[in-house]
Amino acid sequence: MKPSELYGVVVRTIGLLLVLSSAWGLFFAGLNLVLGGPGNVAGMVIMGVPVFCVGLWLLRGAESFVRFAYPEEEHDGQSSS
């Protein structure tokens, strides 16, 4: 496994953790909204939605992020597989 592939796995894992944590927070924000519990629903949604979107982007691979960290090297048309 190349370092860039391993880095991609780490990026996807971080994305999964972000999606799960923000989905949990948004779930509780929805419960607070419906059941009228104590809590700042607007703050939970404002903080949860951007984290959820970034987590989805990372979960899908964040190709531009991985390419920035590991730019492709040109090898005169030869593959080193």
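Refer to the structure presented above.
Conventions and cut-offs
Residues numbered from 1 in each chain as written. Predicted model: local features only at pLDDT ≥ 70, side-chain atom pairs only at ≥ 80, totals over all residues. Heavy atoms only, no water. Phe/Tyr/Trp six-rings, centres within 6.5 Å; stacked < 30°, edge-to-face > 60°. Helix = DSSP H or I, 4+ residues; strand = E, 2+ residues; numbered from the N terminus. Expected span 1.5 Å × (residues − 1). Contact = heavy atoms within 4.5 Å. Buried < 20%, exposed > 50% of the residue type's maximum accessible area, 1.4 Å probe, protein only. Polar contact = N/O pair within 3.5 Å; in protein donor to acceptor, adjacent residues only side chain to side chain. Axes fitted to C-alpha atoms, helices over the stretch in contact; angles between N-to-C directions. Parallel < 35°, antiparallel > 145°, perpendicular 65-115°, else oblique. Left-handed = near helix turned anticlockwise from the far one by under 90°. Nonpolar A, V, L, I, M, F, W, Y, C, P; charged D, E, K, R; others polar.

Chemist: Explanation requested: the packing of aromatic side chains in the structure shown.
Modeler: Within a pair of aromatic rings, the relevant descriptors are the distance that separates the centres and the angle that separates the planes. Across all of its chains, the model carries 6 aromatic pairs by this definition. Pairing Y7 with F65 gives two aromatic rings, centres 6.3 Å apart and planes at 25°, and the pair type is stacked. Of this pair, Y7 sits in helix α1 (residues 3-35) while F65 is found in helix α3 (residues 63-69), placing the two residues 58 residues apart along the sequence. Aromatic rings pair up to connect Y7, W57, F65 and Y70 into one cluster.

Chemist: Whenever I open this one, α1 confuses me. Can you help?
Modeler: Given 3.6 residues to a turn, an α-helix orients residues that are three or four positions apart in the same direction. With 33 residues, α1 ought to run about 48 Å at 1.5 Å a step, and its terminal C-alpha atoms sit 48 Å apart, in line with that. On its buried face, α1 sits against α2 (41-59) and α3. Within two residues after α1, G36 carries a phi angle of roughly 70°, on the positive side.

Chemist: Would you mind going over α2 with me for this structure?
Modeler: Helix length check: α2 (19 residues) gives 26 Å between terminal C-alpha atoms against 27 Å at 1.5 Å per residue, within 8%. All buried positions along α2 are accounted for by V41, G48, G55 and L58. Those residues of α2 hidden inside the fold are in contact with α1.

Chemist: Got a minute to help me understand the environment of N40 in this structure?
Modeler: One can find N40 in the loop between α1 and α2. In sequence terms N40 and A29 are 11 residues apart; their C-alpha atoms lie 7.9 Å from each other. At a separation of 3.3 Å, a polar atom in the side chain of N40 contacts the main-chain amide nitrogen of G43.

Chemist: How should the side chain of N32 be read in this particular structure?
Modeler: Mapped onto the secondary structure, N32 falls in helix α1. For N32, a relative accessible area of 18% gives the class buried. Contacts of N32, omitting those with residues within four sequence positions, involve G37, P38, G39, V41 and M44.

Chemist: Hey, could you run me through the side chain of S22 in this one?
Modeler: Note on placement: S22 falls in helix α1. On the basis of relative accessible area, S22 is assigned to the buried category, the value being 5%. Only 2.9 Å separates the side chain of S22 from the backbone oxygen of L18, close enough to count as a polar contact. In contact with S22, not counting residues within four places along its chain, are G48, V51 and F52.

Chemist: How should I be thinking about the packing of α1 against α2 in this particular structure?
Modeler: When two helices pack together, their arrangement is captured by the angle between the axes and the distance separating the axes. It is at 7 Å that the axes of α1 and α2 come closest, and there the two elements cross at 155°. One finds that α1 runs roughly antiparallel with respect to α2. The two elements α1 and α2 cross, and the hand of that crossing is left-handed. Along the lines of polarity and charge, the residues of the contact of α1 with α2 split into 20 nonpolar, 6 polar and 1 charged.

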